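Report on the structure
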Amino acid sequence: MGLRSMKLRTAMLAAMIMCVPAGAYAQDAAAGEKSFNKCRACHQVGETAKNTVGPIMNGLFGRKSGTVEGYNYSEANKNAALMWDEAVFADYIKDPKGKIPGTKMVFAGIKNEQEIKDLTAFLKQFGKDGKKAN
Ligand code: HEC
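All figures in this text were calculated on a predicted structure; none of them were measured in a lab.

Digging into the layout of surface pockets
- Put simply, the largest pocket is a space of about 480 Å³.
- If you go around the largest pocket, you meet 28 residues; those closest to its centre are H43, P55, M57, Y92 and M105.
- Of all the elements in the fold, those that place two or more residues in the lining of the largest pocket are helix 3 (86–94) and helix 5 (113–124).
- The element contributing the most residues to the lining of the largest pocket is helix 3, with 3 residues.
- In terms of residue class, the lining of the largest pocket is made up of 19 nonpolar, 6 polar and 3 charged.

Quick look at the structure:
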């Protein structure tokens, strides 16, 4: 293999590595936005979000369960003592009543792993203030 073709390969590889994660992420978040339509009857997210039937979803990842100010949680949710990270959220959204017995969230759950990943990518964009981080 000549030096020129080696350089070309290296350049192509670098381009691939740089493109893949950004592209995949955008797509996931877009798909996740659609999936979030299943939650919108009860949850809001974004800069103008307010607590409605359920608490706002801003800054979900990294916050403790049951800690949105001004939202009236059930005892079950308030005392669940979960830290919302990707794994805990995935577990919960598959079967909310299984993860937090006694929750007042009436939602059957999402079983599809890819859909959960997409939803996670979508929700992760929103910081505590409801602004998109990227
Ligand atoms: C029919 C209404 C409803 C739907 C639909 C719904 N939720 Fe909820 N959700 C609630 C309620 C009510 C609570 C508060 C539960 C409690 O206090 O027991 C809640 C709580 C939560 C919590 C815990 C929040 C915290 O601060 O501890 C998460 C996370 C959550 N919902 C995510 C979702 C997602 C994601 C969807 C869509 C896939 C969804 N919910 C769909 C009503 C709903």
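Examining the coordination of the iron atom of the ligand
- Those protein atoms acting as donors to the iron atom of the ligand are H43 (NE2) and M105 (SD), and they sit at 1.9 to 2.1 Å.
- If you look at the iron atom of the ligand, its 6 donor atoms make angles of 84 to 179 degrees with each other, and the shape they trace is octahedral. Of the two residues, H43 is situated in the loop between helix 1 (3–35) and helix 2 (75–78) and M105 in the loop between helix 4 (96–99) and helix 5; the sequence distance between them amounts to 62 residues.

Thoughts on the packing of aromatic side chains
- Taken as a whole and judged by the stated rule, the model has 5 aromatic pairs.
- Plain terms: the ring middles of F36 and F122 are 5.5 Å apart, the flat faces sit at 45 degrees to each other, and that makes the pair tilted. Placement of F36 in the loop between helix 1 and helix 2 and of F122 in helix 5 is noted, with a sequence separation of 86 residues between them. Assigned by exposure class, F36 and F122 land together as buried.

Here's the deal with helix 5
- Here helix 5 is 12 residues long and its end C-alpha atoms lie 16 Å apart, about the 16 Å a rise of 1.5 Å per residue gives.
- The opening residue of helix 5, the one whose side-chain oxygen lies 3.0 Å from the backbone nitrogen of Q114, is N112.

A look at the site of the ligand
- Around the ligand, 27 residues are found, and the nearest of them are C39, C42, H43, S74 and M105.
- Within the side chain of S74, one N or O atom sits 2.4 Å away from an oxygen atom of the ligand.
- Of all the cavities here, the one that holds the ligand is the largest pocket.
- The element best represented in the shell around the ligand is helix 3, accounting for 3 residues.

Cut-off values and rules
Residues numbered from 1 in each chain as written. Predicted model: local features only at pLDDT ≥ 70, side-chain atom pairs only at ≥ 80, totals over all residues. Heavy atoms only, no water. 1 Å grid on protein atoms, 1.4 Å probe; cavity = no way out; pocket = protein on both sides within 12 Å on 5 of 7 lines; lining within 4 Å. Points joined across faces, edges and corners; volume = space filled by probe spheres on them. Helix = DSSP H or I, 4+ residues; strand = E, 2+ residues; numbered from the N terminus. Nonpolar A, V, L, I, M, F, W, Y, C, P; charged D, E, K, R; others polar. Donors = N, O, S within 2.8 Å, 3.2 Å for Na, K, Ca; no water. Tetrahedral: all angles 85-135°; square planar, octahedral: opposite > 155°, others 65-115°. Phe/Tyr/Trp six-rings, centres within 6.5 Å; stacked < 30°, edge-to-face > 60°. Buried < 20%, exposed > 50% of the residue type's maximum accessible area, 1.4 Å probe, protein only. Expected span 1.5 Å × (residues − 1). Polar contact = N/O pair within 3.5 Å; in protein donor to acceptor, adjacent residues only side chain to side chain. Near = heavy atom within 4 Å. Sits in = over half its atoms within 2 Å of the grid points.

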